[in-house]
Amino acid sequence: MIRQPIITVLGHVDHGKTTILDNIRKTAVASGEAGGITQHIGATEVPLDVIKKICGSLISDEKIQVPGLLFIDTPGHEAFTTLRKRGGSIADLAVLVVDVNEGFKPQTDESLTFLREFKTPFVVAANKIDKIRGWKRNNTKYFSKSIKEQSDEVKRELDEKIYRLVGELSERRFNSERFDRVRDFKTTVAIVPTSGITGEGIAELLMVLIGLSQQFLKDRLEIKGTNGFGNILEVKEVRGLGTTIDVILYDGRIKKGDYLIIGGKPPIVTTVKALLKPRELGELRVEKKFNYVDEVTAAAGVKISAPSLENVVAGSPIRTCEKKEDVDKLINELETEEDIEIETDNEGVILRADTIGSLEALIKILKDNNIPIRKAKIGSVSRTDAMEASSMKDPLNRVIFAFNVPIGPEVKDVEGVKIFKGNVIYKLIEEYEEWSQKKKDEMEREKLESVIRPGKIKILPGFVFRASNPAIVGVEVLGGVLKPGYSLVKGSKIIGKIEQIQKEGSNVSLAKHGDKVAVSISGPTVGRQIKEGDELYTAMGKENLRKLEELKNLLSDSEIQVLEEIKDKIKEIEG
């Protein structure tokens, strides 16, 4: 038996996710008889006969076995990541809504990140075609009819906007094309021009979704057995029922009285007290919002009432079974599936996320970016997390990622911990990478401050101001840099130490290539250890040379040249 594919709608805020979902619902209601669509908990089912009515001649295949489409009512990546299962999403297909006039925006990229991580096939709805200048709105659900009514100029502009989307998807490693120009739907993402306001293109969008489901998802949509497999979309208090869970059932069936096993640490085992589905759309105003049912078959959205649901988390997987002997096997399955959270003694960053799905995606993306993880958990950021992060040896690991979770006020008191907070994963990663690069540069500069840098000077003839105690002479920096405290070497002998550097009558902490300055040198006497015209180098040992090699990328070209000269002189002396 083939079930309906589960479809989520993703995209940037204000690009029209909700209007597209609303239009699909409205269109389905208008095309069917009373109750042409079935309202589920958290989802809307559009049966095949209603889709055929909307699509008309677009769907000619009598062999379609998919019984319809089940749309998750909550648009956005929060619902998508909540509805996950081990290694993927329970969503079979997604609609990525992009405003055709604006193109890709931060949450479009975020949605694409999740689709890629969970390997979910998707269709692009190039939305808001009615906002194209000169677009003639048509009372039709068909893009193919509406486009014929448009001027050549509008057609050209739409093509340009579609090909900008094709380019943006290509930059993100996806082949795409307008749906009616796609040759191979397996390798090419279909772009369907739509308007959530007028409904233009809704027929083609449904056609593509049904076609993809029928052609590529039949094995995935096969109902495997009688045990129920689902995910918790939301946990809600309902008067008279107490704590209930809204579940999307993606395989099998659930019956009243079944054993209900919910993933967690440890898993919860309880029994289904009641199964509730909403009344039909026409009856929604009736005070009693729910109908009690005895059984639900995938794919479906259902509210479950059961004991011991108080500590259940949205995003948790569920299993149901009739036989008591199946319970232990299902508990083992769930324990394997649920093993997402990480807790180690390793050096690494700390992650906190709102759902299991977003935590799983965040872990995968950080690992792909070679960012080490110490701890990854669901829930708000606590002072304990901050203290743990502050104890990391590597400053680059004194980091907490807070994805869609609150941060306790006591966390701010912990010094030295960087918190990246937000609800767009790729933005958090970008911010971290930018910060870590700056931090690395800062740390390297600090290291550079702790080593003697290469420098080469020439004592200028006629500029001896004092012969000794200390010797004060005018010099030109021929290469590299000079600092107070550096020792100077002539040939193989250290001849003294720089006490002060003056430039134009003022003390300076550094003289660089090309500068002419006065230096006071303790140790030598002019005319004996040093003479006018002498070339001197900064003195350094092998350990200092090794550190300079590591920090070479921070040295100037003239410092690198002087460093090579110093190394050659050491070889000569040793040779």
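Residues numbered from 1 in each chain as written. Predicted model: local features only at pLDDT ≥ 70, side-chain atom pairs only at ≥ 80, totals over all residues. Heavy atoms only, no water.

Student: I tried to follow the overall build of the protein chain on my own but got confused; where do I start?
Tutor: Each helix and strand counted, the protein chain has 13 helices and 33 strands in total. What you see for the protein chain is a C-alpha radius of gyration of 34 Å, clearly larger than the 25 Å of a compact globule of 575 residues, by over 25%. Dimensions of the protein chain, computed from C-alpha atoms along their principal axes, come out at roughly 110 × 65 × 45 Å. Counting across all 575 residues of the protein chain, residues that qualify as buried make up 53%. Long-range contacts, defined as pairs at least 24 residues apart, comprise 71% of the intrachain contacts of the protein chain with a sequence gap of at least 6. Of the roughly 26800 Å² that the protein chain leaves accessible, carbon and sulfur atoms contribute 47%. Positive and negative charge centroids in the protein chain, built from 89 and 90 side chains respectively, lie 1 Å apart. (Helix = DSSP H or I, 4+ residues; strand = E, 2+ residues; numbered from the N terminus. Rg over C-alpha atoms; globule rule 2.2 N^0.38 Å. Buried < 20%, exposed > 50% of the residue type's maximum accessible area, 1.4 Å probe, protein only. Contact = heavy atoms within 4.5 Å. Areas by Shrake-Rupley, 256 points an atom, 1.4 Å probe, with all protein chains shown as cover. Lys, Arg positive; Asp, Glu negative; His and termini not counted. Charge placed at Lys NZ, Arg CZ, Asp CG, Glu CD.)

Student: Looking at this structure, how should I read the nonpolar core?
Tutor: Proteins that are soluble and globular tend to have nonpolar side chains buried together. Within the largest apolar cluster, 92 residues are counted, with the highest numbers of intra-cluster contacts made by Phe71, Phe122, Leu158, Leu206, Leu209, Leu351 and Phe401. Considering each element in turn, this core owes the most residues, nine residues, to helix 7 (residues 202-216). In contact with Leu351, other than residues within four places in its own chain, are Leu359, Leu362, Ile363, Leu366, Ile373, Lys375, Ala376, Lys377 and Phe401. (Core = buried A, V, L, I, M, F, W, Y, C linked by side-chain atoms within 4.5 Å.)

Student: Please explain the environment of Leu275 as it appears in this structure.
Tutor: Inspection of the secondary structure puts Leu275 in strand 16 (residues 274-278). When the C-alpha positions of Leu275 and Lys255 are compared, they lie 7.7 Å apart, and in sequence the two are 20 residues distant.

Student: In this structure, what is going on with the side chain of Thr538? I would like to understand it.
Tutor: By secondary structure assignment, the location of Thr538 is in strand 33 (residues 535-538). Side-chain polar atoms of Thr538 contact the backbone oxygen of Arg453, separated by 3.1 Å. A distance of 3.0 Å separates a polar side-chain atom of Thr538 from the backbone nitrogen of Gly455. The residues touching Thr538, leaving out its near neighbours within four places in the chain, are Ile452, Arg453, Pro454, Gly455, Val481, Leu482, Tyr486, Ser487, Leu488, Val489 and Ile566. (Polar contact = N/O pair within 3.5 Å; in protein donor to acceptor, adjacent residues only side chain to side chain.)

Student: Even after reading the chapter, I still don't get the sheet that holds strand 22 (residues 349-353), so can you show me in this structure?
Tutor: The strand order across the open sheet formed by five strands is 21-23-22-24-25, and the pairing between neighbours is mixed. Single-partner strands in this sheet number two, and they are strand 21 (342-343) and strand 25 (418-422). Bridging between strand 21 and strand 23 (residues 373-378) involves two bridges; their strand directions are antiparallel. Its bridge partner lying in strand 23, Ile342 is registered against Ala376. (Pairing = 2+ DSSP bridges.)

Student: Hey, could you run me through the sheet that holds strand 12 (residues 242-251) in this one?
Tutor: The strands that make up a sheet are held in pairs by hydrogen bonds between backbone atoms, and each pair lies either parallel or antiparallel. Read across the open sheet, the eight strands follow the order 15-14-20-11-12-19-16-17; overall the sheet is antiparallel. This sheet does not close on itself; its edge strands, each paired only once, are strand 15 (268-271) and strand 17 (290-293). Direction aside, neighbouring strands of the sheet carry axes that sit 35 degrees apart on average. In this structure, strand 16 lies alongside strand 17, joined through four bridges in antiparallel fashion. Across the sheet, the residue bridging to Leu276 is Tyr292, located in strand 17. (Axes fitted to C-alpha atoms, helices over the stretch in contact; angles between N-to-C directions.)

Student: Just checking my understanding: could you explain the packing of aromatic side chains for this structure?
Tutor: Two descriptors summarise a pair of aromatic rings, namely the distance from one centre to the other and the angle between the planes of the rings. This model, assessed by the stated rule, comprises nine aromatic pairs. Here the aromatic rings of Phe122 and Phe174 are separated by 5.3 Å at their centres, their planes lie at 80 degrees, and the arrangement is edge-to-face. Of this pair, Phe122 sits in strand 8 (residues 122-127) while Phe174 sits in the loop between helix 6 (152-171) and strand 9 (176-178), placing them 52 residues apart in sequence. Of the two residues examined, Phe122 and Phe174, each falls in the buried class. (Phe/Tyr/Trp six-rings, centres within 6.5 Å; stacked < 30°, edge-to-face > 60°.)

Student: What is the right way to look at unusual backbone geometry in this model?
Tutor: Apart from glycine, the bulk of residues carry a negative phi angle, and the bulk of peptide bonds sit in the trans form. Cis peptide bonds are those with omega within 30 degrees of zero, and the linkage from Ala298 to Ala299 qualifies with -5 degrees. With respect to the secondary-structure elements, Ala299 resides in the loop between strand 18 (295-297) and strand 19 (300-305). Following Asn469, the chain continues into Pro470 via a peptide bond in cis, with omega recorded as -15 degrees. Locating Pro470 in the fold gives a position in the loop between strand 26 (455-466) and strand 27 (471-482). Of note, the phi angle at Asn404 is positive, near 60 degrees, even though the residue is not glycine.

Student: Please clarify how the pattern of salt bridges should be interpreted in this entry.
Tutor: Side chains that carry opposite charge are capable of pairing whenever their charged atoms lie near each other. Taken as a whole and judged by the stated rule, the model has 38 salt bridges. Here Lys236 ties to Glu234 by a salt bridge, and the two come within 3.8 Å at their closest N and O atoms. Using a relative accessible area of 37% as the deciding quantity, one classes Glu234 as partly exposed. Linked through salt bridges whose partners overlap, the residues forming this network are Arg352, Arg374, Lys375, Asp385 and Glu388. (Salt bridge = Lys/Arg side-chain N within 4 Å of Asp/Glu carboxyl O.)

Student: Can you walk me through the side chain of Glu168 in this structure?
Tutor: Topologically, Glu168 is positioned in helix 6. Within the buried set, Glu168 has no salt-bridge partner at all; the shortest N-O distance to an opposite charge, 4.5 Å, is to Arg164. Setting aside its immediate chain neighbours within four residues, Glu168 contacts Gly103 and Phe104.

Student: Explanation requested: the packing of helix 4 (residues 106-117) against helix 9 (residues 356-368) in the structure shown.
Tutor: When two helices pack together, their arrangement is captured by the angle between the axes and the distance separating the axes. Viewed as axis vectors pointing N to C, helix 4 and helix 9 meet at an angle of 85 degrees, and their least axial separation amounts to 10 Å. Taken together, the axis directions place helix 4 and helix 9 in an arrangement best described as roughly perpendicular. Here Thr113, Phe114 and Glu117 of helix 4 come into contact with helix 9, specifically with Ser358, Ala361, Lys364, Ile365 and Asp368. Looking at side-chain class alone, the contact of helix 4 with helix 9 contains three nonpolar, two polar and three charged residues. (Parallel < 35°, antiparallel > 145°, perpendicular 65-115°, else oblique. Nonpolar A, V, L, I, M, F, W, Y, C, P; charged D, E, K, R; others polar.)

Student: Can you help me understand the pairing of strand 8 in this one?
Tutor: Looking down a regular strand, the side chains alternate between one sheet face and the other. Within strand 8, six of the six residues are buried, which leaves the element mostly enclosed by the surrounding structure. The pairing of strand 7 (residues 93-99) with strand 8 spans six bridges and is parallel. Looking at the pairing, Leu96 lines up with Val124 of strand 8. Read from strand 7 through helix 4 to strand 8, the crossover connection turns out right-handed. (Right-handed = clockwise from strand over helix to strand, strands pointing away.)

Student: Is there a simple way to think about helix 10 (residues 383-390) in this case?
Tutor: Along an α-helix, a turn takes 3.6 residues, which lines up residues three or four apart on a common side. Among the residues of helix 10, those classed as buried are Asp385, Ala386, Glu388 and Ala389. In an axial view of helix 10, the angular spread of the buried residues amounts to 160 degrees, which keeps them on one side of the axis. Against the buried residues of helix 10 lie strand 22, strand 23 and strand 24 (399-403). (Arc of directions from axis to C-beta.)

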